Amino acid sequence: MSVGAAVRRVRTYGGQFLLLAVLTLVVTLLISGVPRLVNRLAEQGLRAQLVSEPAARRDLSYSTGVVDAPPTATVMGNAQERFDALAEKMPSQVRSTVAERWYSADIVPARVVGPDLKARNLLVDLGLRTLPDIQNASTLVDGAWPSETYVPDRPIEVALDVDVARKLNLRSGSQLRIGNTDDKGRLLDGVPLVVSGLFRPVDRANGIWDGLPQLLQIIEPVGDGQPFTIVGVVAQSTLNKRAAEGWPVQSNWRYRPGVDQIDAQNLDQMIDGLQQMQREKPADLTLTQGIDVPLRAFAAQINAARTLLAVIAAGVLATLAGLIVLAASLAIRRRRSEFVLLRARGGAATAGARRSLAESVLVVPVAAALGWWLGALFPGAPDPTAPYIIGATVLVTLALPLATLAVPAGGASRRDLIRVRPSARRLTVEVSLLLLAGLGAVLLRRRGLTLGEVDPLLVSVPVLLAIAAAVLALRAYPWPLLLVSRLAARTRGSVAFLGTARAGRAAVAAPLVVVVLAIGTAAFCAVVAAGVDASRDRAAERIVPADAVIRGERFAPDTVDELGRLPGVRAVTRVVNQEDERLASDEVGTDARLAQTDVLLVDGPGLDTVARASHVELPVPDAVRTARPGPGPLPAIVSPAVAADLAKAGLHDSAFISVQGQRYEFRVAGTEDDFPLVSENTDRFVILPWQALPTRTTTPAPSSLLIAGDSLDTEALRRAGDQGQERYQRNGAFSGRDRLIGVTVDTREDVRRDLGDGGANGVLAFGFLAGAVGGSVLGLLAIAFTVLAGARARGQVLSRLRTLGLSRRQWRGLLLVELTPLVAVSVLTGAVVGAVLPLLLNPVLGLSAFTSGVPVQVAFEPSLVAAVLALGAVALGFAVAVEALNNRRLRLGEVLRLGEES
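Residues numbered from 1 in each chain as written. Predicted model: local features only at pLDDT ≥ 70, side-chain atom pairs only at ≥ 80, totals over all residues. Heavy atoms only, no water.

Draft legend 1. Summary view of the overall build of the protein chain. Helix and strand content of the protein chain: 29 helices and 21 strands. Scored against the burial criterion, the 902 residues of the protein chain give a buried share of 49%. Of the contacts made within the protein chain by residues no fewer than 6 positions apart, 82% connect residues no fewer than 24 positions apart. Summed over its atoms, the accessible surface of the protein chain is roughly 42800 Å², and 56% of this surface lies on carbon and sulfur atoms. (Helix = DSSP H or I, 4+ residues; strand = E, 2+ residues; numbered from the N terminus. Buried < 20%, exposed > 50% of the residue type's maximum accessible area, 1.4 Å probe, protein only. Contact = heavy atoms within 4.5 Å. Areas by Shrake-Rupley, 256 points an atom, 1.4 Å probe, with all protein chains shown as cover.)

Right, dumping it as structure tokens:
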């Protein structure tokens, strides 16, 4: 068998081999390119996730406690040695990501006085910090840097940020004294101190400035009589001297991993390394790090996304495999007479297969190599996909030879009939397939999917279920058409009768399976995407069950009225949320010996009003909404876990819980599995009605405020919240050095947007889009194969009927009647499969990582019906267009030649 003969045959049947080559190219392109693109999207998502985190949260910080150093201490000398030692002891997977590192040593803030401060009656505490490399990160504006040469009896030289100094009326040369104070705030043992120079940072975003307290900011006093707090820079020798004199010193070593150095593919190793650091930290140091929180959240998202992508990829690749089988079968069907003649002339049973193999070898590997190369051009880190590409190339190469072996040795046979009683072989295959799909579904629900890993058997379960559904559709397909055909036979005209009769006898087993696979994959992506989107809406409403929420520590009572006067605000309600409270069995506080419980104090009518005004579906329990002041315990809504514990302890009708130091008696009036504003990861909570609280000398202060309104100004809300906290503190709620943290303002729109952006959402969106679009396109292509598979037979019938007087209009109607059932049953079956699969897979996909822990619920989507109808109409129009285009290529005499086969 010469290569030249094979080349001539490939050229003769160029269209068929071109189709096979294109399908091969698409398969290898997807296998090699899509993992790269997914890795690229994962890297971008991880960078965006880390960049959105506060810089200080990304740091790995070792710190000592505040200690009085011994007289011989050399703080900087010991610290510099330990700087490198701590880095060397880090696990390699963590150490390799460190991009920046800083060391600082601080003397705790002490009172500082001087003429310049007294001129403005300023009360200031000053901390002293030595910070290597600060001169490279800043520019000296005035004066000089503190001298590294220590001179006895010389005042402590300190450099300050120029903006900090000017706000406090300090300048280069300002004379001060620093030391401890007595109970009345008077300086006891002041040491001379001079401002030697003023500096300005070159880049305020540089991590060197992130040490706490801040060098570039003034910590404002909250209450009357409280000092401003600032930090100044001193020389290393000065700090060593003061440490030797017994001044309390704290050292800090900070290491910051670079966002570009953390590999999204090795997050588990990075997280394990951080845990190892925590276990192996030196006993005399405290390790503070928060980078594992965003890394864990992103790892959960990317693992869920990769598992979902594996399911989608299985459907797409199975569809492509089906298309390759259809293309090979169609090519061999057109050459059936060639292979039958080859056998008739004495050729071996494998002669045709060897000929097809030689032709495939000339086309398929070249197309596979081209697809592999194109996939390598995609951005992103590669995955080890070479074995899969080689395996796919071998399988596609064998598609034509295997299809050739299936050619019957005899002459042509009718292929437009479906046996009423299938053969034993076919029945065995179909029953085995149904049993395998059922067994796979059971295993999938029992074992689940290991997120981030691919189990070929379980990932292929959706494919098996789709094929099983197609088999059932094939079994049920002819019977309705048979009934319709009998009814059509009683009517006038031949179009309806002939069309339904031919549709009922059409042999469309393989094409129908491929169409169901493709449409099922597209519908699955659409249904799951809609479920994730709806669940994100519920998650946003759970986090912010209003248009906005202000969270703080405690607000003055009049803050509600102040917020109500802001533009756009329609309603405001108050909430108290306390975590880890102990339940008591009596009013004196006897511990009920039950697990700690969160308590939520809400104004029932106010919460209902705000929810309605914000268009949030928040069914406030009647026991909370209608409660009124009166004798007896407060009606409370509790979680099932709390209800079970109270019932077991005999406290179902009377128990006590503390809210801001006041103990309230309550009874269980109902249970709820969850409730907005309650942490998602807690299963123990008690909800009390604020409006029904008994009158006490001290009333609770709200810790959160829910606002309903339009076009809310978040900055105005933040200012009002901060002012409300300050008024609460000025009323004497806090004393001494306690400071209230600034409020946070979250709007439901912002929370919803954050849930859909950043993290691994790009990977998830890509999977949904690729699956929906790819499934739809491949479904249309499979329908085209379905049409082409019987095109020549339909052409023969058309030619004969045209000679008997069938008009062009009647031919179009006949074609429409014949193709409509084929398209309808395939699209409908695929849509049903796509709508049912999420019910099976949703519990094991882990998609709640994309919805802030809220379980993803998939349900019937009315829009899916419209999408299926639209897709069915497009598919039918496409099928008619393919048939019409194909018939134009056939001439009447050509299709009526004796022995012409379909």
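Draft legend 2. Local environment of the pattern of salt bridges. If you walk through the whole model with that rule in mind, you get 32 salt bridges. Notably, a salt bridge pairs Arg-296 with Asp-292, separated by 3.6 Å at the nearest N-O pair. Pair noted here: Arg-296 and Asp-292 are both in helix H9 (residues 292-334), with a separation of four residues, about one helical turn. By relative accessible area, Asp-292 is classed as buried at 15%. (Salt bridge = Lys/Arg side-chain N within 4 Å of Asp/Glu carboxyl O.)

Draft legend 3. Inspection of the confidence of the model for the protein chain at higher detail. Averaged over all residues, the pLDDT of the protein chain equals 85, while 89% of them reach at least 70. Every residue in residues 415-420 scores below 50 in pLDDT, and together they form 12 contacts with partners more than four places removed in sequence or on other chains. Overall, residues 733-738 carries pLDDT values under 50, and its contacts beyond four positions in sequence, including any with other chains, amount to nine contacts. (pLDDT = per-residue confidence, 0-100.)

Draft legend 4. Focus on the side chain of Ser-658. Examined against the element boundaries, Ser-658 turns out to sit in strand S17 (residues 655-659). Non-local contacts of Ser-658, meaning those with residues more than four positions away in its chain, are made with Gln-578, Glu-581, Val-599 and Arg-663.

Draft legend 5. Structural context of the pairing of strand S18 (residues 662-671). Of the pairings in the sheet, the one linking strand S16 (residues 634-638) to S18 comprises five bridges and is parallel in character. The residue bridging Val-638 from the neighbouring strand is Thr-671, located in S18. Note that S17 and S18 share five bridges and pair antiparallel. Residue pairing across strands places Ala-655 opposite Phe-666, the latter belonging to S18. What sits between S17 and S18 in their antiparallel hairpin is a turn of two residues, with Gln-660 showing a positive phi close to 50°. (Pairing = 2+ DSSP bridges.)

Draft legend 6. Quick peek at the sheet that holds strand S15 (residues 597-602). A sheet is described by the order of its strands in space; here 10 strands give the open sequence S14-S17-S18-S16-S19-S15-S13-S20-S12-S21, paired in mixed fashion. A strand with exactly one partner marks an edge of an open sheet, and here the two such strands are strand S14 (583-584) and strand S21 (744-747). Where strand S12 (residues 548-551) lies against S21, four bridges are found, and the strand directions are antiparallel. Each bridged residue has a counterpart across the sheet, and for Val-549 the counterpart in S21 is Asp-746.

Draft legend 7. The environment of Thr-12, seen in detail. Relative to the assigned elements, Thr-12 resides in helix H1 (residues 3-12). Note on Thr-12: relative accessible area 59%, which makes it exposed.

Draft legend 8. Looking closely at the nonpolar core. The biggest cluster of nonpolar side chains holds 161 residues, and the ones touching the most others in it are Leu-128, Leu-295 and Phe-524. Among the elements that line this core, the one with the most residues is H9, at 23 residues. Aside from chain neighbours lying at most four places away, what touches Phe-524 is Leu-308, Val-311, Ile-312, Gly-834, Leu-837, Pro-838, Leu-841 and Leu-845. Of all hydrophobic cores here, the second largest spans 29 residues; its members include Ala-546, Val-549, Ala-613 and Ala-708. (Core = buried A, V, L, I, M, F, W, Y, C linked by side-chain atoms within 4.5 Å.)

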